[in-house]
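Residues per chain, in single letters:
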Amino acid sequence: MTLLLVAVVEMVAGHEEAGRRYEDDVLTLLGRHGGVLERRMRDTAGGTEVQVIRFEERSGLDSFLADPHRAALRAEVGEAAPATRVLEVRDVPPDGASRVP
């Protein structure tokens, strides 16, 4: 079953560039785990990023989160590591046809 996620990534003030480099690096690991970055957006100030990520299966997300290379990258960036909130989402038709009464 496909898993669709939206990640809201908040860069640490004063460390935005290091946070963006970390995100660049860690997102390249998705393919190892059946994940695909579908869209990546950044606010105009550059401090917040929104990512739309799809995994073929939930186990892909689990293995991505446990990836030792990902952990090493996070340790390397240290206090500049961004804070991320992840939401599991589903597509909704533009006309709102899936509304529940």
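Participant: I'm lost on the overall build of the chain in this one. Help?
Facilitator: Within the chain one finds 3 helices and 4 strands. Helices and strands in the chain line up, N terminus first, as β-α-β-β-α-α-β. Along the first, second and third principal axes, the C-alpha atoms of the chain reach 45 × 30 × 20 Å. Taken together, the 13 basic and 18 acidic charged side chains of the chain have centroids lying 3 Å from each other.

Participant: Quick question: what am I supposed to make of the side chain of E23 here?
Facilitator: Tracing the backbone through its elements, the reader meets E23 in helix 1 (residues 16-27). R40 provides the closest opposite charge to the buried, unpaired E23, separated from it by 5.4 Å. For E23, the residues in contact, after removing those within four places along its chain, are V9, M11, R40, E49, Q51, P82 and T84.

Participant: What is the right way to read the packing of aromatic side chains from this model?
Facilitator: Ring pairs (aromatic) are described by centroid distance and by the angle formed between their planes. What the rule picks out here adds up to 1 aromatic pair. Over the face of the ring belonging to F64 we find R70, whose NZ or CZ atom lies 5.4 Å from the ring centre.

Participant: Explanation requested: helix 2 (residues 58-66) in the structure shown.
Facilitator: Taken together, the buried positions of helix 2 are occupied by G60, L61 and F64. The buried residues of helix 2 all sit within an arc of 100 degrees when viewed along its axis, so they share a single face. On its buried face, helix 2 is in contact with strand 1 (3-10), helix 1, strand 3 (48-55) and helix 3 (68-77).

Participant: I would appreciate a short explanation of the pairing of strand 1 in the present structure.
Facilitator: Regular strands show a simple pattern: their side chains alternate between the two faces of the sheet. For strand 1, the buried fraction is high: 6 of the 8 residues fall into the buried class. Examined bridge by bridge, strand 1 and strand 3 share 8 bridges and lie antiparallel to one another. By the bridge assignment, L4 is partnered in strand 3 with R54. Examined bridge by bridge, strand 1 and strand 4 (residues 83-89) share 7 bridges and lie antiparallel to one another.

Participant: Would you take a moment to explain the pattern of salt bridges for this structure?
Facilitator: Pairing between side chains of opposite charge can happen when their charged atoms approach one another. Taken as a whole and assessed by the stated rule, the structure comprises 9 salt bridges. We note a salt bridge from E17 to R21, for which the minimum N-O separation is 3.9 Å. Highlighted residues: E17 and R21, both in helix 1, separated by 4 residues, approximately one helical turn. A relative accessible area of 44% places E17 in the partly exposed class. In this structure, the salt-bridge partner of D67 is R32, at a minimum N-O distance of 3.6 Å. Here the residue D67 occupies a position in the loop between helix 2 and helix 3, and R32 occupies one in the loop between helix 1 and strand 2 (35-42), the gap between them amounting to 35 residues. Exposure remark for D67: the relative accessible area of 5% places this residue in the buried category. Three or more residues joined by partner-sharing salt bridges are found here, namely D24, R40, R42 and E49.

Analysis parameters
Residues numbered from 1 in each chain as written. Predicted model: local features only at pLDDT ≥ 70, side-chain atom pairs only at ≥ 80, totals over all residues. Heavy atoms only, no water. Helix = DSSP H or I, 4+ residues; strand = E, 2+ residues; numbered from the N terminus. Lys, Arg positive; Asp, Glu negative; His and termini not counted. Charge placed at Lys NZ, Arg CZ, Asp CG, Glu CD. Buried < 20%, exposed > 50% of the residue type's maximum accessible area, 1.4 Å probe, protein only. Salt bridge = Lys/Arg side-chain N within 4 Å of Asp/Glu carboxyl O. Contact = heavy atoms within 4.5 Å. Phe/Tyr/Trp six-rings, centres within 6.5 Å; stacked < 30°, edge-to-face > 60°. Lys NZ or Arg CZ within 6 Å of the ring centre and 35° of its normal. Arc of directions from axis to C-beta. Pairing = 2+ DSSP bridges.

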